[in-house]
Amino acid sequence: MISGHRVKRPPSLRTDRWSHATTAAMLAALLLVCTAAAHARVPAERLYFEGVRLMEEGKTKKALQFLRAATLAPQVNMTSGAYRDIAHRRELMQLLINEGVSGADPSFNIEKFHQALVARAHTRIAELLMADAEWEAAARELERAKLADPDYPMAPCRLAQAYLALGDPPAAIKEAKSAWLSSPLYTEYRRTYATAVARNAAKLYTQGETGKAQLSFEFALEIDPLNPETLSDYGWLLFTGEEELPFRVSEAAENAIRKYTRSQALYMMQQAAELAAGVAGYHLQLGRAYQLMGEPAKALECYQHAAAAEPANVAARLAAARALRASGDPDAALGHLRDAQRRAPDNVTAHLELAAVSRERGDAGEAARYAEKATELDAGNARAHYELGLSWLACGRDSEAILELQRARALEPDGRTGLLARARLAQLGASEN
């Protein structure tokens, strides 16, 4: 208190931050209210097509604003609407006619313009959310789309795709089937339904229900015979499956049947790789099959295709590098490995492969650096300690090498790496402890 007046204290930093945050929130809310008020006078058709135009231009945030507003705005008043609004109504009518002609919406009721538009607005919003991997939010929008217009099949089709991304094939099957039944010949509905069935079949296979998985895969192929995912996964099941035949035959006949089944499986995986040449996973799976068949040259070709199809795919780079190294070309392998390590600097396998290749190329110091980094990233990785031990040996640092080999042996006493470490320790005349 000075001369009877209260002294004003400067606001604390915390109070000041709270004040700024509150002001920002109030301004944002006011902006939303103003935007909603402005859009309230704009017909839904105009908002929808403006949102779609912004989507096509890649202006996602603005597109979302217009599309959300379209779900709440009134439809065009045909007696008092401006010419451009009536033109948007005609545009909507043509869109719906086109969808019906293409088989996307054969059951459209021309009396339900507004419900149809609202359903499409929610679906476009969901598509934007799906592009950002916001699957749960997209699913909520698609449920709203279904409520607005239960006869719009693209909404359950997109919902099935969202459920697949969320790892729920049974829910995806239900939604995809609904879309497919409305228009069985429409490509996207058929493909989505078949994919959902195939994804569920793969899940059944991993759970050990081979018979159910096989029936599901066969049904998926009936729906969409050229679905790459179905062909690849079902081909892999047939290729690796060793279940008993449902009938008794001679050993020669059984071998012939299994040989035919394996050739059929290989053909299915080849078809998948050709139909979806830009997807690395199908080339990788085919490459693994060739590797199991003892055809390393064909496996290498598949891995090279995988790396070319998706240059940023680390698994494809590593597979190609291993195959090149096995073929006696460590220099070519090095290029794939350096790219993989650059794209995924914390990938332990990339560092381990780099350590092995560097050592083979005569650069023991670089090999040790890569192996040391691998042990830093995963101290419990037996192979990391094994590679570091070999690298120290190549550098002439035997005592440090023995210590790392002992660690590898202790971490994996009964595994392949542990047995290799044990053999190397025996060669060095060192104990395992």
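Attention here is on the structure that accompanies the text. Bear in mind the structure is a predicted one, so any value in this text is a computation, not a measurement.

1. Brief notes about the overall build of the protein chain
Okay, step 1: On a plain count of helices and strands, the protein chain comes out with 21 helices and zero strands.
Okay, step 2: The buried share among the 433 residues of the protein chain stands at 43%.
Okay, step 3: If you take every contact in the protein chain between residues at least 6 apart in sequence, the share linking residues at least 24 apart comes to 54%.
Okay, step 4: Working note: accessible area of the protein chain is about 23500 Å², and carbon and sulfur atoms make up 55% of it.

2. Brief notes about the side chain of serine 391
Okay, step 1: With respect to the helices, strands and loops of the structure, serine 391 is situated in helix H19 (residues 382–395).
Okay, step 2: Judged by its relative accessible area of 0%, serine 391 falls in the buried class.
Okay, step 3: A distance of 3.3 Å separates polar atoms of two side chains, one belonging to serine 391 and the other to arginine 359.
Okay, step 4: Dropping the residues within four chain positions of it, serine 391 is found in contact with Arg359, Ala364, Ala367, Ala368 and Ala371.

3. Some details on the packing of helix H6 (residues 135–148) against helix H7 (residues 154–165)
Okay, step 1: One can describe the packing of H6 onto H7 by two numbers: an axis separation of 9 Å at closest approach and a directional angle of 155 degrees. In this view, H6 runs roughly antiparallel relative to H7, as classed from their interaxial angle. Of the two possible hands of crossing, H6 and H7 adopt the one that is left-handed. Here H6 contributes Trp135, Ala139, Leu142, Glu143, Ala145 and Lys146 to the contact with H7, which in turn contributes Ala155, Pro156, Arg158, Leu159, Ala162, Tyr163 and Ala165.

4. Regarding the nonpolar core
Okay, step 1: In this structure, Tyr48, Tyr234, Met269, Leu286 and Tyr303 are the most contacted members of the largest nonpolar core, which totals 111 residues.
Okay, step 2: Examining the composition of this core, we find that 10 residues originate from one element, helix H5 (residues 113–131), more than from any other.
Okay, step 3: Beyond its immediate chain neighbours, meaning those up to four positions away, tyrosine 303 contacts Leu284, Gly287, Arg288, Gln291, Ala316, Ala319, Ala320 and Ala323.

5. Digging into H5
Okay, step 1: Spanning 19 residues, H5 covers 27 Å between terminal C-alpha atoms, matching the ideal 27 Å at 1.5 Å per step.
Okay, step 2: Across the 19 residues that make up H5, a large majority, 16, are buried.
Okay, step 3: Just downstream of H5, alanine 133 is the residue with a positive phi angle, here 60 degrees.

6. Some remarks on the pattern of salt bridges
Okay, step 1: With the rule as written, the count across this model stands at 28 salt bridges.
Okay, step 2: For aspartate 339, the salt bridge identified is with arginine 343, shortest N-O distance 2.7 Å. With aspartate 339 and arginine 343 both in helix H16 (residues 330–343) and four residues apart, the pair spans about one turn of that helix.
Okay, step 3: Since its relative accessible area comes to 12%, aspartate 339 is described here as buried.
Okay, step 4: Since its relative accessible area comes to 37%, arginine 343 is described here as partly exposed.

7. A look at the environment of leucine 238
Okay, step 1: Here leucine 238 shows up in helix H11 (residues 228–240).
Okay, step 2: Look past the residues within four positions of leucine 238 in its chain and what remains in contact with it is Gln214, Thr261, Gln264, Ala265 and Met268.

8. Examining H6
Okay, step 1: For H6, which comprises 14 residues, the first-to-last C-alpha distance of 20 Å matches the rise-based estimate of 20 Å (1.5 Å per residue) to within 8%.
Okay, step 2: Taken together, the buried positions of H6 are Ala137, Ala138, Ala139, Glu141, Leu142, Ala145 and Ala148.
Okay, step 3: Buried positions along H6 lie against helix H3 (60–70), H5 and H7.

9. Section: the packing of aromatic side chains
Centre distance and the angle of the planes are the two values used to describe a pair of aromatic rings.
Okay, step 1: Scanning the entire structure with this criterion turns up six aromatic pairs.
Okay, step 2: Their ring planes at 80 degrees and their centres at 5.2 Å tell us that tyrosine 48 and phenylalanine 49 sit as a pair that is edge-to-face. With respect to burial, tyrosine 48 and phenylalanine 49 carry one shared label: buried.
Okay, step 3: Between tryptophan 236 and phenylalanine 239 the ring centres are 5.9 Å apart and the planes differ by 20 degrees, which places this aromatic pair in the stacked class. Of this pair, tryptophan 236 and phenylalanine 239 both sit in helix H11, three residues apart, roughly one helical turn.
Okay, step 4: An aromatic cluster is present here, built from Trp180, Tyr193 and Phe219 joined pairwise through their rings.
Okay, step 5: Above the plane of the ring of tyrosine 152 lies arginine 120, whose end atom (NZ or CZ) is 3.9 Å from the centre.
Okay, step 6: Sitting over the ring of tryptophan 392, arginine 397 keeps its end group 3.8 Å from the ring centre.

10. As for the side chain of arginine 317
Okay, step 1: Looking at the secondary structure, you find arginine 317 in helix H15 (residues 314–326).
Okay, step 2: Arginine 317 gets classed as buried once you look at its relative accessible area, which sits at 14%.

11. Considering the packing of helix H17 (residues 348–360) against helix H18 (residues 364–377)
Okay, step 1: Running from N to C, H17 and H18 cross one another at 160 degrees; their axes reach a closest spacing of 8 Å. Viewed along their axes, H17 and H18 adopt a mutual orientation that is roughly antiparallel. Handedness of the crossing formed by H17 with H18: left-handed. Contacts from Val348, His351, Leu352, Leu354, Ala355, Ser358 and Arg359 of H17 reach H18 at Glu366, Ala367, Tyr370, Ala371, Lys373, Ala374 and Leu377.
Okay, step 2: Residues belonging to the contact of H17 with H18 are distributed by class as follows: nine nonpolar, two polar and three charged.

Reading guide: rules and limits
Residues numbered from 1 in each chain as written. Predicted model: local features only at pLDDT ≥ 70, side-chain atom pairs only at ≥ 80, totals over all residues. Heavy atoms only, no water. Helix = DSSP H or I, 4+ residues; strand = E, 2+ residues; numbered from the N terminus. Buried < 20%, exposed > 50% of the residue type's maximum accessible area, 1.4 Å probe, protein only. Contact = heavy atoms within 4.5 Å. Areas by Shrake-Rupley, 256 points an atom, 1.4 Å probe, with all protein chains shown as cover. Polar contact = N/O pair within 3.5 Å; in protein donor to acceptor, adjacent residues only side chain to side chain. Axes fitted to C-alpha atoms, helices over the stretch in contact; angles between N-to-C directions. Parallel < 35°, antiparallel > 145°, perpendicular 65-115°, else oblique. Left-handed = near helix turned anticlockwise from the far one by under 90°. Core = buried A, V, L, I, M, F, W, Y, C linked by side-chain atoms within 4.5 Å. Expected span 1.5 Å × (residues − 1). Salt bridge = Lys/Arg side-chain N within 4 Å of Asp/Glu carboxyl O. Phe/Tyr/Trp six-rings, centres within 6.5 Å; stacked < 30°, edge-to-face > 60°. Lys NZ or Arg CZ within 6 Å of the ring centre and 35° of its normal. Nonpolar A, V, L, I, M, F, W, Y, C, P; charged D, E, K, R; others polar.

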